[in-house]
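# Structural overview
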Amino acid sequence: MALTQRLEFRQSQSLVMTPQLMQAIKLLQLSNLDLTTFVEEELERNPLLERASDEAPAGEAPAEAGSYGDSEGGQGEAQGEDGFGGSAEGFEPGQEEWMSKDLGTRAEIEQTLDTGLDNVFSEEPAEAAARNAQDAAPTTYTEWGGGASGDEDYNLEAFVAAETTLSDHLAEQLSVAFTAPAQRMIGQYLIDLVDEAGYLPPDLGQAAERLGASQAEVENVLAVLQKFDPPGVCARSLSECLAIQLREFDRYDPAMQALVEHLDLLAKRDVAALRKICGVDDEDIADMIGEIRRLNPKPGMKFGSARLQTMVPDVYVRPGPDGGWHVELNSDTLPRVLVNQTYYSELSKKIGKVGDKSYFTDALQNATWLVRALDQRARTILKVATEIVRQQDGFFTHGVAHLRPLNLKAVADAIQMHESTVSRVTANKYMTTNRGTFELKYFFTASIASADGGEAHSAEAVRHHIKQLIDSEEPSAILSDDTIVERLRASDIDIARRTVAKYREAMRIPSSVQRRRDKQWSTINSQASGGTGVHEELPTVDLESTSDTSDFPESESLTRHLLIGD
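Just so it is clear, the model here is predicted, and its values are computed rather than measured. (Residues numbered from 1 in each chain as written. Predicted model: local features only at pLDDT ≥ 70, side-chain atom pairs only at ≥ 80, totals over all residues. Heavy atoms only, no water.)

### Focus: the sheet that holds strand E6 (residues 436-439)
For the record, the criterion: For two strands to count as paired, DSSP must find a minimum of two bridges between them. Here a strand is any run of E in DSSP of at least two residues, a helix any run of H or I of at least four, and the numbering for each starts at the N terminus. With axes taken as lines fitted to C-alpha atoms, and helix axes fitted only over the stretch in contact, angles between N-to-C directions fall between 0 and 180 degrees. Between two residues, a contact is recorded if the distance between any of their heavy atoms is within 4.5 Å.
Strand order in the open sheet formed by four strands is E3-E2-E5-E6, and the pairing between neighbours is mixed. The sheet is open, and its two edges are formed by strand E3 (325-329) and E6, each paired on a single side. Across the sheet, the mean angle separating the axes of adjacent strands is 20° when strand polarity is ignored. Two elements, strand E2 (residues 315-319) and E3, share five bridges in a ladder whose sense is antiparallel. From the neighbouring strand, Val315 faces E3, where its bridge partner is Leu329. The strands that helix H17 (residues 354-391) touches are E2, E3 and strand E5 (430-433); relative to E3, the one it contacts most, it runs at about 160°.

Printed below as a string of structure tokens:
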């Protein structure tokens, strides 16, 4: 086959990702906080963009005003040299004649008044005002000399003390506990390794290598650090943390040591095995467990930690007067920007360089595209949210049990958009309803077939049903996964046993064996404490974030149940 060259014309269509299209896609998937940050950066970068305020400041014209035309009564052209609008408005005829009259020279004025001008105008108004201000007593904190200058806004945060962190608290004690520079260096290195809960990594062998010290020196410094306040800090495991606190309270006897070393049995509520290992009776083992529960598994959490960012909803859903639902955007999360056309028109007349003209032309184009992209983003979010409310009307009316299975394609087909657009809109967006605040993706759940071939059930509704069954079970009749499957099928929900186990574990609900032990232990514990319950004074702390639970010798069931009230 011979190779030849030839020219051909072909016509085809292709989607080109322009910078403006990429910007619109990027804005669509940003949260309201990220969007605010992005708009602030654009306001600093683009001189033609400015914030849109509800009302223009006094003495300033709106940004979009093209010219300053004459207003009614001729006030637009009545500006005098003194800056007052209108030369005669607001004065009586006699006053107007007196103001227009020439008073003459200084000698003529003094002869007319029959006295010197110094007696009439002893000092200028500005000098009198300054003298009165100096004679007056200070009325604000800044006038007494404390704080910023009076020109700045009053900042209440200037009076708030800095929050003490756990690292700072330990460093202050370190400077008192050690005098040798080497020990202080080792101690500071270990303090830097402490997490916000007050725990150290289990293996400190690399610390000795990096510091060029022996393992014995690191252990000696660690022993002193573990005596610092708060009790239990700088522990390498949960057992060590509890042991440190028990030593502080002088309660770490052999029986308590055996209990701390077998926390896995405590998590399983195996009281018989614990009683045998500790060598105590039922009353003593109950008291010992009560003391364990009164300890703090996260001693470092009492100090300052990272502040939580408040979630701001993007959409509000309220009941309508006609029995429907009213969907509206949260105006506080929508940045308001305008393009200053007046500033651009003035600059275009004065700029002569080609490069400067090109810069401001691109700035105008980018500003215009940003305003359009923000408007399109708001419209798209409102359209998707309205369709979600229409599809999930049963949820808003009756609750989670009536949540329908929904996917992105159903919403995309209803509003005639692509699935990827709906996916970007629902990312990092929240909706406040009469039943709480939810992420938009919460309403998209998988479907579970009906037992009789009817309408499918939502996976979230099935999880809610499982939780209701487990919450309402009696201590003498704990439901197994097979029993839950039978009851769900009686409710027209066709589900497998492994799916029930998966949903139960996702909701952090223990197995039927563990739940039976927990409820039996709660009954015994309540009877032993006179019906009040030992754990009523105990903090309900989730230990899963105490440290990396894989580094602890205890099992995951320990972190789920130990030191947590029933």
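Resuming the write-up.
### Quick look at the packing of helix H16 (residues 341-350) against H17
What counts is decided by this rule: Here roughly perpendicular refers to angles of 65 to 115 degrees, roughly parallel to angles under 35, roughly antiparallel to angles over 145, and oblique to all remaining angles. By definition, turning the near helix anticlockwise from the far helix through less than a right angle yields a left-handed crossing, and turning it clockwise yields a right-handed one. Residue polarity is assigned by list, with Asp, Glu, Lys and Arg as charged and Ala, Val, Leu, Ile, Met, Phe, Trp, Tyr, Cys and Pro as nonpolar; anything else, Gly included, falls into the polar class.
Where H16 contacts H17, the axes come no closer than 11 Å and their chain directions differ by 165°. Between H16 and H17, the interaxial angle falls into the category roughly antiparallel. Handedness of the H16/H17 crossing: left-handed. Where H16 approaches H17, its residues Gln341, Tyr344, Leu347 and Ser348 are matched on the opposing element by Lys357, Phe360, Thr361 and Leu364. Its residues assigned to classes, the contact of H16 with H17 comprises four nonpolar, three polar and one charged.

### Section: the packing of helix H14 (residues 271-278) against helix H15 (residues 282-293)
The interhelical angle for the contact between H14 and H15, taken along N-to-C directions, is 100°, at an axis separation of 10 Å. Here H15 runs roughly perpendicular to H14, going by the angle between their axes. Residues Val271, Leu274, Arg275 and Cys278 of H14 form the contact with H15, whose participating residues are Asp282, Ile285 and Met288. Counted by class, the contact of H14 with H15 contains five nonpolar, no polar and two charged residues.

### A word on the confidence of the model for the protein
To keep it simple, the criterion reads: The score called pLDDT rates the predictor's confidence residue by residue, from a low of 0 to a high of 100.
Residue-level pLDDT values for the protein average 76, and 71% of them are 70 or greater. Across the protein, E2 holds the top mean pLDDT of 93, while helix H25 (residues 556-561) sits lowest at 39. Counting contacts from residues 137-151, a segment whose pLDDT is below 50, to residues more than four positions away or on other chains yields nine contacts. Counting interchain partners and residues more than four positions distant, the pLDDT-below-50 stretch residues 531-566 has 78 contacts.

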